[in-house]
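A closer look at the structure
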Amino acid sequence: MTTRTRASAPSSPATVPLDRKVFAGVSNSPTGQVGGATRFRYREDDGVIWAEYAGGDVVRGFLVGTRQEDRLHFRYTHLDADRMTANGVCESRIVVLPDGRVRLEESWAWESRPERGTSVVEEVREAS
């Protein structure tokens, strides 16, 4: 009989840590600017989340917000490849994938223009 140890048990979306995880864009609505080359470097402390991001159409970006269990609420702002600033608000749902990586399923809206959309970013594991 095989028993599962606590260390190998899958994490719950409500408790999986985000601190120091790196995410990459997987899909996005046509009016979004995040793509597969965009990397998000998340930090988390006591329900507060923040990240720096860059790559693809994004020269430099920042997000800051809060976490409540498996939900994130944050505002983002970035400078795009055309040197234009953009900002908006996002709600994300944390999903733990079967391989243990984390996916964020996002619903966002620009505040600097009228579009809104959905996107997915997934954890990227650095090669050891």
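Here is a short report on the structure shown in this document. (Residues numbered from 1 in each chain as written. Predicted model: local features only at pLDDT ≥ 70, side-chain atom pairs only at ≥ 80, totals over all residues. Heavy atoms only, no water.)

It is worth spelling out a nonpolar patch on the surface at this point. A cluster of nonpolar side chains, Val-48, Trp-50 and Val-64, forms an exposed patch at the surface whose accessible area comes to about 240 Å². Structurally, the position occupied by Val-64 is in strand 4 (residues 58-68). (Patch = residues over 30% accessible without salt bridge, like charges linked within 9 Å, V, L, I, M, F, W, Y side chains within 5 Å. Areas by Shrake-Rupley, 256 points an atom, 1.4 Å probe, with all protein chains shown as cover. Salt bridge = Lys/Arg side-chain N within 4 Å of Asp/Glu carboxyl O. Helix = DSSP H or I, 4+ residues; strand = E, 2+ residues; numbered from the N terminus.)

Moving on to the packing of aromatic side chains. The description of two aromatic rings rests on the distance between their centres and on the angle between their planes. By the definition in use, this model includes four aromatic pairs. Measuring from centroid to centroid gives 5.2 Å for Phe-23 and Tyr-42, while their planes differ by 70°, and the two rings are edge-to-face. Of this pair, Phe-23 sits in strand 1 (residues 22-28) while Tyr-42 sits in strand 2 (residues 39-45), and the two are 19 residues apart along the sequence. By relative accessible area, which is 0% here, Phe-23 ends up buried. Ring centres 5.5 Å apart and planes at 70° place the aromatic pair Tyr-76 and Trp-110 in the edge-to-face group. Here Trp-110 lies in strand 7 (residues 102-110) and Tyr-76 lies in strand 5 (residues 71-80), a separation of 34 residues in the sequence. We classify Trp-110 as buried; its relative accessible area is 7%. Joined through ring pairs, the aromatic side chains of Tyr-76, Trp-108 and Trp-110 make up one cluster. Lying over the aromatic face of Trp-110, Arg-113 brings its terminal NZ or CZ to 3.8 Å of the ring centre. (Phe/Tyr/Trp six-rings, centres within 6.5 Å; stacked < 30°, edge-to-face > 60°. Buried < 20%, exposed > 50% of the residue type's maximum accessible area, 1.4 Å probe, protein only. Lys NZ or Arg CZ within 6 Å of the ring centre and 35° of its normal.)

Glancing now at empty space enclosed by the protein. What the rule picks out here adds up to one cavity of 30 Å³ or more. A volume near 180 Å³ is recorded for the largest cavity. Every residue lining the largest cavity is counted, 16 residues in all, and those nearest its centre are Val-34, Phe-40, Tyr-76, Glu-106 and Trp-108. Elements supplying a minimum of two residues to the lining of the largest cavity: strand 2, strand 5 and strand 7. Split by residue class, the lining of the largest cavity holds 10 nonpolar, five polar and one charged. (1 Å grid on protein atoms, 1.4 Å probe; cavity = no way out; pocket = protein on both sides within 12 Å on 5 of 7 lines; lining within 4 Å. Points joined across faces, edges and corners; volume = space filled by probe spheres on them. Nonpolar A, V, L, I, M, F, W, Y, C, P; charged D, E, K, R; others polar.)

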